[in-house]
Amino acid sequence: MDSDILEKLSDLEHRQWCEWSGSVSKDIFSLITILDRFEDDLSDDEKLTVSRIKDKLARWDNLHVNYSDLPENEKEKDRIYAKKVLSIVND
C-alpha cells in the first residue's frame, strides 16, 4: 500500500469530516442554546444528555485542525476510512 496515497486520502477524509461536523455542530449548538434557556424545566436525565452533547461538541471543536496537526490516534481514525477507499479502488 502506498503510504503517500493513504495519507492524502486520510487528509481528505478528515477535511470531509470537518465540514460535516462543523455543519452539524452549528445546528446542535443552536438547539442547546435554546435548551439552556429552559434548564430549570429539564429533568436530570435531560440535563445529563445536554451536558454530554456539549462535551462532544467541545471534543469535535478541538479536532477542527489540519490533518497534519492531529495526534496519531486521531489520524488513525481517518486512515481506517482511507483504507476502505483503497480497498474498493484496488479490487
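Higher on the page you've got the structure.
The shown structure was predicted, so the numbers you read here are calculated from the model rather than taken from an experiment.

Caption draft 1: Spotlight on the side chain of Lys75. Residue position: Lys75 is located in helix α3 (residues 72-90). Given a relative accessible area of 12%, Lys75 falls into the buried group. Residues contacting Lys75, with those up to four places away along its chain left out, are Tyr67, Ser68 and Leu70.

Caption draft 2: Focus on the packing of aromatic side chains. The full count for this structure, using the stated rule, is two aromatic pairs. With 5.4 Å between their ring centres and 55 degrees between their planes, Trp20 and Trp60 make a pair best called tilted. Of this pair, Trp20 sits in helix α1 (residues 3-37) while Trp60 sits in helix α2 (residues 44-62), and the two are 40 residues apart along the sequence. Among the residues examined, Trp20 registers a relative accessible area of 48% and is labelled partly exposed.

Caption draft 3: Up close: the nonpolar core. One finds Trp17, Cys18, Leu57, Trp60, Leu63, Tyr67 and Leu70 forming the largest nonpolar core, which totals seven residues. Secondary structure elements with two or more residues in this core: α1 and α2. Beyond its immediate sequence surroundings of up to four residues, Leu63 is in contact with His14, Trp17, Cys18, Leu70 and Glu74.

Procedures and definitions
Residues numbered from 1 in each chain as written. Predicted model: local features only at pLDDT ≥ 70, side-chain atom pairs only at ≥ 80, totals over all residues. Heavy atoms only, no water. Helix = DSSP H or I, 4+ residues; strand = E, 2+ residues; numbered from the N terminus. Buried < 20%, exposed > 50% of the residue type's maximum accessible area, 1.4 Å probe, protein only. Contact = heavy atoms within 4.5 Å. Phe/Tyr/Trp six-rings, centres within 6.5 Å; stacked < 30°, edge-to-face > 60°. Core = buried A, V, L, I, M, F, W, Y, C linked by side-chain atoms within 4.5 Å.

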